[in-house]
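Now for the letters of each chain:
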Amino acid sequence: MSPKKEIIAGGSISPASAVAPVTAPIASSEESPRLGWMYGAVCMTGGIGLVTLNDGIAKWLTDVYPVGQVIALRGVLVLVLIFGFAFMTGRRRQLHVTHWRFQLIRAAIIVFSTYSFIWALKLMAIADATAIAFAGPIVTAALVVPLLGEQVGWRRWMAILVGFCGVLIMVKPTPETFSAVALLPLFATVMGSFRDIVTRKMHRTETTLSMLAVGMSFVTLSGFASYAFTDWQPVAVPHILLFGVSSIFVGAAQFLMIEAFRYSEAGFVTPFKYTSMIWAVLIGFFVWGDVPDLWILGGTVLVISSGLYILHRERVRRRQVQVPSEC
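Parameters and conventions
- Residues numbered from 1 in each chain as written.
- Predicted model: local features only at pLDDT ≥ 70, side-chain atom pairs only at ≥ 80, totals over all residues.
- Heavy atoms only, no water.
- Helix = DSSP H or I, 4+ residues; strand = E, 2+ residues; numbered from the N terminus.
- Buried < 20%, exposed > 50% of the residue type's maximum accessible area, 1.4 Å probe, protein only.
- Contact = heavy atoms within 4.5 Å.
- Areas by Shrake-Rupley, 256 points an atom, 1.4 Å probe, with all protein chains shown as cover.
- Axes fitted to C-alpha atoms, helices over the stretch in contact; angles between N-to-C directions.
- Parallel < 35°, antiparallel > 145°, perpendicular 65-115°, else oblique.
- Left-handed = near helix turned anticlockwise from the far one by under 90°.
- Nonpolar A, V, L, I, M, F, W, Y, C, P; charged D, E, K, R; others polar.
- Salt bridge = Lys/Arg side-chain N within 4 Å of Asp/Glu carboxyl O.
- Phe/Tyr/Trp six-rings, centres within 6.5 Å; stacked < 30°, edge-to-face > 60°.
- Patch = residues over 30% accessible without salt bridge, like charges linked within 9 Å, V, L, I, M, F, W, Y side chains within 5 Å.
- Expected span 1.5 Å × (residues − 1).
- Polar contact = N/O pair within 3.5 Å; in protein donor to acceptor, adjacent residues only side chain to side chain.

J.: I would appreciate a short explanation of the overall build of the protein in the present structure.
T.: The secondary structure content of the protein amounts to 12 helices and 0 strands. Each of the 327 residues in the protein was classed as buried or not, and the buried ones make up 49%. Across the protein, the fraction of contacts at a sequence separation of at least 24, relative to all contacts at a separation of at least 6, is 86%. About 15,700 Å² of surface is accessible on the protein, with carbon and sulfur atoms providing 71% of the total.

J.: How should the packing of helix H2 (residues 67-88) against helix H8 (residues 208-225) be read in this particular structure?
T.: Two numbers describe a pair of packed helices, the interaxial angle and the distance between the axes. The N-to-C vectors of H2 and H8 enclose an angle of 150°; their axes lie 8 Å apart at closest approach. As judged from the angle between their axes, H2 and H8 are roughly antiparallel. Between H2 and H8 lies a crossing of left-handed hand. Packed against H2, whose contacting residues are Gly 68, Ile 71, Ala 72, Gly 75, Val 76, Val 78, Leu 79, Ile 82, Phe 83, Phe 85 and Ala 86, the element H8 presents Leu 209, Leu 212, Ala 213, Met 216, Ser 217, Val 219, Thr 220, Gly 223 and Phe 224 at the interface. Looking at the contact of H2 with H8 residue by residue, the classes come out as 15 nonpolar, 5 polar and no charged.

J.: Quick question: what am I supposed to make of the pattern of salt bridges here?
T.: Opposite charge on two side chains lets them pair, provided their charged atoms get close. The final tally for this structure, using the stated rule, is 1 salt bridge. Ionic pairing is found between Arg 195 and Asp 196, a salt bridge with its closest N-O pair at 2.9 Å.

J.: I keep staring at the packing of aromatic side chains and nothing clicks. Help me out?
T.: Given two aromatic rings, one states the distance between the centres and the angle between the planes to describe the pair. Summed over all chains, the structure comprises 4 aromatic pairs. Geometrically, the ring pair formed by Tyr 65 and Phe 243 is tilted, given 5.8 Å between the ring centres and 55° between the ring planes. Of the two residues, Tyr 65 sits in the loop between helix H1 (36-62) and H2 while Phe 243 sits in helix H9 (residues 237-263), which places them 178 residues apart along the sequence. The exposure classification of Tyr 65 matches that of Phe 243, with both residues buried.

J.: I would appreciate a short explanation of the environment of Phe 102 in the present structure.
T.: With respect to the element layout, Phe 102 can be found in helix H3 (residues 100-123). Distance from Phe 102 to Val 198, taken between C-alpha atoms, is 7.3 Å for residues 96 residues apart in sequence. Setting aside residues up to four positions removed in sequence, Phe 102 forms contacts with Val 198, Lys 201 and Met 202.

J.: Before we go on, may I ask you to explain a nonpolar patch on the surface in this structure?
T.: Among the surface-exposed residues, Leu 282, Phe 285, Phe 286 and Val 291 lie close enough to one another that they form a single nonpolar patch of about 450 Å² accessible area. Structurally, Val 291 can be placed in the loop between helix H11 (275-288) and helix H12 (294-326).

J.: I keep staring at H2 and nothing clicks. Help me out?
T.: The α-helix advances 3.6 residues per turn, and as a result positions three or four apart in sequence lie on the same side. In a regular helix each residue adds 1.5 Å, so 22 residues correspond to 32 Å; H2 covers 31 Å between its end C-alpha atoms and thus fits that length. Those residues of H2 that sit buried are Val 67, Gly 68, Gln 69, Val 70, Ile 71, Ala 72, Arg 74, Gly 75, Val 78, Leu 79, Ile 82 and Ala 86.

J.: What is the right way to look at the packing of H3 against H8 in this model?
T.: As a packed pair, H3 and H8 sit with axes 8 Å apart at the nearest point and diverge in direction by 50°. Accordingly, the angle class assigned to the pair H3 and H8 is oblique. When the axes of H3 and H8 are compared, the crossing they make is right-handed. Note on element contacts: H8 touches H3 through Ser 210, Met 211, Val 214, Gly 215, Phe 218, Val 219, Ser 222 and Gly 223, opposite Trp 100, Gln 103, Leu 104, Arg 106, Ala 107, Ile 110, Val 111, Thr 114 and Tyr 115. Grouping the amino acids of the contact of H3 with H8 by side-chain chemistry returns 10 nonpolar, 6 polar and 1 charged.

J.: Hey, could you run me through the side chain of Asp 196 in this one?
T.: With respect to the helices and strands, the residue Asp 196 is situated in helix H7 (residues 183-202). Within the structure, the side chain of Asp 196 is placed 2.9 Å from the side chain of Arg 195, a separation counted as a polar contact.

J.: Hey, could you run me through the side chain of Thr 220 in this one?
T.: You can see Thr 220 is positioned in helix H8. For Thr 220, a relative accessible area of 4% gives the class buried.

Below you can see the structure in the form of structure tokens.
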């Protein structure tokens, strides 16, 4: 008999002796604990915050090193963390892959999206690239209907659009933003939406660790493949720490976002990606002393209001589902 892969219903990955197999259908949104849907929102908010921090580090490193070298070296350290965590905590079984086809499709999507966005960070201002990337929730919300069969009502659509308007108010994109280079973050955004949908489709059979390991392995290999085409540079000692911190951020962010799509509908959690602008504002204030202007504050209010309204609508929808079942 093959070993069983197991997870805790609340979202944490557990040792094999503790819980039920992941190959059994995961609890539906209606069967999950009351705060299960909130868990997805928290994971997405935390994960996107780490992504925002990592974007700044990536832009710094690509000013010195080729994009492929940054991806390769960062990926090696992420894989060390992933496999080290799995072996040290007795979770090696959770590295097992059930459906390689979906895993490979997801890994290929991650390779394209990673290269596109890091090149965008190298060539554009972070704020401009981030503003374009915020089309992601709208793209995902549009795709989940035909691809996943999820329902996105008009109220959620309005909340998503309000959040997107808030982001545009904050970054005040100029006509120069929409140049040919702007196609890079746009392509990365579309690929990221497909990645999120595939992740949601795989959540019943694949563990978070297996998806994380396969995706990062292919991204890392693609980085090393670039060695033949680019001029890699010796790594300066001070930059080793930056690579290490970036790896921790990437690994933790991917883990949190996979968890978010494992336990929450894609159309629900993707709008919380808007909170990265809030993270950026906070980082700018506490690290560099940048004081937000009225445009930033106004846009932040819209983004927060959008996320809170989506949370409210989720609670209303769940109450409506539960009432008939209790009658």
